[in-house]
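Structure assessment
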Amino acid sequence: MRGAYQSAYLATFEDRIEDSLNRQQSLDIGTAFDLIVGTSTGGIVACGLVAGVPLPDIQSLYAKAGPKIFPMQWARSLPFIGLFLKGVGVGLRKGDDALRSTLATIFGNMTVKSMYDSRGIALAVPTLDINRHAAVVFKTQHLKRLNGRDNGRTLVDICMATSAAPILRSMARLDEHGGKGATATYVDGGLWANNPGLIGMIEAIEILNDRGEHRPIHLFMLGTLPSQGGEEVSNRSLHRGARGWKFGLRAIAASLNAQAVGYDYLAAKLAEIRGDGSFAYRLPAQCPSNELREYLDNMDDARPKVLNALARQAISDVDFAWASRTVEMEAFRATLADAKPRDTNQ
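All values derive from a computational prediction rather than experimental measurement.

**Things to note about the overall build of the protein chain**
Secondary structure summary: the protein chain contains 13 helices and 9 strands in total. In terms of overall dimensions, the protein chain is globule-like: its C-alpha atoms have a radius of gyration of 20 Å, near the 20 Å expected for 346 residues. The dimensions of the protein chain, computed from C-alpha atoms along their principal axes, are 55 × 55 × 40 Å. Counted over contacts in the protein chain with a minimum sequence separation of 6, partners at least 24 positions apart contribute 75%. Counting every atom, the protein chain has about 17,600 Å² of accessible surface; 54% of that belongs to carbon and sulfur. One way to put it: in the protein chain the 39 positive side-chain charges average out to a point 6 Å from where the 36 negative ones average out.

Written as structure tokens, this is what we have:
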């Protein structure tokens, strides 16, 4: 549900830009970028941007469909019952159907190729092929070496695959194009690319090389709140077993948090090595309140008070970021200001 924060952040920035420019027509901010990359819930937001979906519609996805995607929110007041229901997978099938139906109302049958042909915005969305334990990135055909493998995939299928978080959501079984009747099963891309900034930088470098263009790369990264996590380990805990690791959940959390930091560094280092003014910049955000931090421990919390807290935090973070006058922040404002006006006939 943390995509509610990302969509609110971008929608607020869009509003602030429109107000500062005295624009009467809303901006289609996806058109401001050559390439958009997103993982998990961020993959849904990314697909919305490349497809030209108005950001309020993406926000509504979380607000209106969240309780259907993650049913039995009432069980949160009954911790033991809620834990049991989650442990045996109750509600997963129903939630899976709700997400697919909701995504279909937003994207229809739009495919990767039809989107790229009409919009010209490159897209890269990480997922994980559980059949082979292989990292996969669904892509538009934006590089000469690509063979159009994903052209026929729908944006709905891509969103289902990248956001299929273990335990919280069902795995996504998709048809594989090229092999008659062949299917593959995908799970959340966050398991290996929770922070897709490094993928974005590598793709951008290759795109420019393909085009023979020599210009700086401006990579802007937006997370789902800077809640780093961590723990103090006692001497006794050094020898913890499966129970101490919460049967793997603590290891997964550590991996996701470490990626967020490590991939930021690697993306920034690649930009620095180019030596041409390229940068990888994480959009500013403030530390969330203690109460919101507790909500962030559960990625499937779709209660209205949580979604409101995420939106409120996003608005505050945008105004905090707006006050920054760094080179990177000025570049981000200038980038959004170059976005095309939204086509009201869409």
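**Brief notes about the pattern of salt bridges**
Close approach of charged atoms allows side chains with opposite charge to pair. According to the stated counting rule, one finds 21 salt bridges in the structure shown. Where E213 meets R215, a salt bridge forms, and the shortest distance between an N and an O atom there is 2.8 Å. One continuous salt-bridge network, built from bridges that share partners, spans R149, D150, R153 and E176.

**Some words on the packing of aromatic side chains**
A full pass over the atoms with the stated rule returns 7 aromatic pairs. Taken together through their ring pairs, the aromatic side chains of Y5, Y9, F13, F220, F279, W322 and F332 make up a single cluster. A cation sits over an aromatic face here: R240 above W245, 4.8 Å from the ring centre. One Lys or Arg, R333, reaches over the ring of W322 and ends 5.3 Å from the middle of that ring.

**What to know about helix α1 (residues 3-20)**
A rise of 1.5 Å per residue sets the reference length of α1, with its 18 residues, at 26 Å; its end C-alpha atoms lie 26 Å apart and thus fit the reference within 8%. Burial analysis of α1 places 14 of its 18 residues in the buried class, the great majority of the element. Directly beyond the C-terminal end of α1, a positive phi value near 55° is found at N22.

**A closer look at the nonpolar core**
Ranked by internal contacts, the top residues of the largest apolar core, which has 73 residues, are F13, L103, F107 and L310. Counting residues per element, this core draws most heavily on α1, at 8 residues. Those residues in contact with F13 that sit more than four places away from it in its chain are V318, A321, W322, M329, F332, R333 and L336. Counting 15 residues, the second-largest nonpolar core is a separate cluster that includes I217, L219, M221 and A280.

**Some words on the packing of helix α3 (residues 55-69) against helix α5 (residues 92-107)**
Two elements in contact, α3 and α5, have axes separated by 9 Å at closest approach and are oriented at 160°. The angle between the axes of α3 and α5 places the two elements in the roughly antiparallel class. Every pair of crossing elements has a handedness; the one defined by α3 and α5 is right-handed. Seen from α3, the contacting residues are D57, L61, A65, K68 and I69; seen from α5, they are K94, G95, A98, L99, T102, L103 and I106. Of the residues belonging to the contact of α3 with α5, the class tally is 7 nonpolar, 2 polar and 3 charged.

**Brief notes about the side chain of N151**
Among the secondary structure elements, N151 is positioned in the loop between β4 (134-139) and α7 (155-162). A relative accessible area of 16% means that N151 is categorised as buried. The contacts of N151, once residues within four sequence positions are left out, are T111, V112, K113 and Q141.

**Things to note about α5**
Spanning 16 residues, α5 covers 22 Å between terminal C-alpha atoms, matching the ideal 22 Å at 1.5 Å per step. Within α5, burial applies to G95, D96, A98, L99, T102, L103 and F107. Mapping the buried residues of α5 onto a view down its axis gives an arc of 165°, with all of them on the same face. Facing away from the buried surface of α5 by more than 90 degrees, the exposed residues are R93, K94, D97 and T105. Of the surrounding elements, those touching the buried residues of α5 are α2 (41-51), α3 and α7. Positive backbone phi, at 60°, marks G108, one or two positions downstream of α5.

**As for the pairing of β4**
In terms of burial, β4 is largely enclosed, as 5 of its 6 residues are buried. One ladder, built from 6 bridges, connects strand β3 (residues 122-129) with β4; its direction is antiparallel. Bridging across to β4, A124 finds its partner in K139. Between β3 and β4, which pair antiparallel and follow one another directly, the connecting turn spans 4 residues, one of which, H133, has a positive phi of 50°.

**A closer look at a nonpolar patch on the surface**
Judged by side-chain polarity, I167, L191, L249 and I252 come together as a nonpolar surface patch covering roughly 310 Å² of accessible area. Structurally, L191 is set in helix α8 (residues 190-193). Its relative accessible area of 33% is what places L191 among the partly exposed residues.

Calculation criteria
Residues numbered from 1 in each chain as written. Predicted model: local features only at pLDDT ≥ 70, side-chain atom pairs only at ≥ 80, totals over all residues. Heavy atoms only, no water. Helix = DSSP H or I, 4+ residues; strand = E, 2+ residues; numbered from the N terminus. Rg over C-alpha atoms; globule rule 2.2 N^0.38 Å. Contact = heavy atoms within 4.5 Å. Areas by Shrake-Rupley, 256 points an atom, 1.4 Å probe, with all protein chains shown as cover. Lys, Arg positive; Asp, Glu negative; His and termini not counted. Charge placed at Lys NZ, Arg CZ, Asp CG, Glu CD. Salt bridge = Lys/Arg side-chain N within 4 Å of Asp/Glu carboxyl O. Phe/Tyr/Trp six-rings, centres within 6.5 Å; stacked < 30°, edge-to-face > 60°. Lys NZ or Arg CZ within 6 Å of the ring centre and 35° of its normal. Expected span 1.5 Å × (residues − 1). Buried < 20%, exposed > 50% of the residue type's maximum accessible area, 1.4 Å probe, protein only. Core = buried A, V, L, I, M, F, W, Y, C linked by side-chain atoms within 4.5 Å. Axes fitted to C-alpha atoms, helices over the stretch in contact; angles between N-to-C directions. Parallel < 35°, antiparallel > 145°, perpendicular 65-115°, else oblique. Left-handed = near helix turned anticlockwise from the far one by under 90°. Nonpolar A, V, L, I, M, F, W, Y, C, P; charged D, E, K, R; others polar. Arc of directions from axis to C-beta. Pairing = 2+ DSSP bridges. Patch = residues over 30% accessible without salt bridge, like charges linked within 9 Å, V, L, I, M, F, W, Y side chains within 5 Å.

So yeah, pure geometry; function would need other evidence.
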